[in-house]
Amino acid sequence: MHAIGLSVKEHRPNLRVLYVSSRLFESQYTVASRNGKINDFIYFIFDVEDKAITGNDYIRLYLSDATSNTLSSSSICITASYKGLKTFSQYNNGKWTESSGNAVVSSRYNETAGNVKGTNGYVVEIAIPTSALPASSGKILVNAALHDNNKDASIVPTSGTSTSKWMVINNL
């Protein structure tokens, strides 16, 4: 897989290569090929170092359309932990509301959770079909937050509705 990615970057430097686990790729490809449709996906991988994983540990991935600097009804939030998907939410009428969404989440961790000495953390992989992204302009705004045992850390604060300082992903 790595050699394929290097070859793609060498021959088409304008393309972005994102790596996913072979298990996740195989699962998505099988589902897509059975349905006769191979979708484009965007992948997010979070590698969380944590010496004491608890049930209160999770990440949140926020995605919003880049046509506005505020959250809208197309904005989504995916919450995932070492156990996989916790919630998929959409921003509606000033608040996040759980809804059904189109995302594949896989996770793995090194040891049993629950304050086990020597636990190194967990990895969460999120795959979203580009057709399900809130990207009417061909780009999205992204923010991420880590919740570790009742403490939050985010790239940009998530308490308000402004998306003006979120990261931009282009060419979708």
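Conventions used here
- Residues numbered from 1 in each chain as written.
- Predicted model: local features only at pLDDT ≥ 70, side-chain atom pairs only at ≥ 80, totals over all residues.
- Heavy atoms only, no water.
- Helix = DSSP H or I, 4+ residues; strand = E, 2+ residues; numbered from the N terminus.
- Contact = heavy atoms within 4.5 Å.
- Pairing = 2+ DSSP bridges.
- Axes fitted to C-alpha atoms, helices over the stretch in contact; angles between N-to-C directions.
- Phe/Tyr/Trp six-rings, centres within 6.5 Å; stacked < 30°, edge-to-face > 60°.
- Buried < 20%, exposed > 50% of the residue type's maximum accessible area, 1.4 Å probe, protein only.
- pLDDT = per-residue confidence, 0-100.
- Core = buried A, V, L, I, M, F, W, Y, C linked by side-chain atoms within 4.5 Å.

Caption draft 1: Representation of the environment of Val48. Positionally, Val48 belongs in strand E1 (residues 41-49). Along the backbone, Val48 and Tyr82 are 34 residues apart, and their C-alpha atoms lie at a distance of 9.3 Å. When sequence neighbours within four positions are dropped, the list of residues in contact with Val48 reads Ile59, Asn120, Gly121, Tyr122 and Leu146.

Caption draft 2: Region of interest: the sheet that holds E1. Across the sheet, three strands lie side by side as E1-E7-E6; this open sheet has antiparallel pairing. One side of each edge strand has no neighbouring strand; the edge strands of this open sheet are E1 and strand E6 (104-109). Along the sheet, successive strands turn relative to each other by an average axial angle of 10 degrees, direction set aside. Here six bridges tie E6 to strand E7 (residues 121-129), and the two strands are oriented antiparallel to one another. For Ser106, the partnering residue across the bridge sits in E7 and is Glu125.

Caption draft 3: Spatial organisation of the packing of aromatic side chains. All chains considered together, the criterion is met by four aromatic pairs. Both rings, one in Tyr82 and one in Tyr122, keep their centres 6.4 Å apart while their planes meet at 65 degrees; by these two values the pair is edge-to-face. With Tyr82 in the loop between strand E3 (76-81) and strand E4 (84-92) and Tyr122 in strand E7, this pair connects stretches of sequence that are 40 residues apart. Judged by its relative accessible area of 10%, Tyr82 falls in the buried class.

Caption draft 4: Geometry of the pairing of E3. For E3, a buried count of six out of six residues is recorded, marking the element as mostly surrounded by other parts of the structure. As paired strands, strand E2 (residues 58-65) and E3 are joined by five bridges and run antiparallel to one another. Across the sheet, the residue bridging to Leu61 is Ile78, located in E3. Alignment of E3 against E4, held across six bridges, turns out to be antiparallel. In the strand pairing of E4, Thr79 is matched with Thr87.

Caption draft 5: Broad picture of the confidence of the model for the protein. For the protein, the mean per-residue pLDDT works out to 79, and 72% of the residues sit at or above 70. The low-confidence segment residues 112-116 (pLDDT under 50) makes nine contacts with residues lying over four places distant or belonging to another chain.

Caption draft 6: Broad picture of the nonpolar core. Among the nonpolar cores identified, the biggest contains 23 residues, and Phe44, Phe46, Leu63, Ile126 and Ile128 are the most heavily contacted of them. Put simply, the parts of the chain that give this core at least two residues each are E1, E2, E3, E7 and strand E8 (140-148). Filtering out sequence-adjacent residues up to four positions away, Leu63 remains in contact with Phe44, Ser75, Ile76, Ile128, Leu133, Pro134, Ile140, Leu141, Val142 and Trp166. With nine residues, the next largest nonpolar core counts Tyr62, Leu71, Ala145 and Trp166 among its residues.

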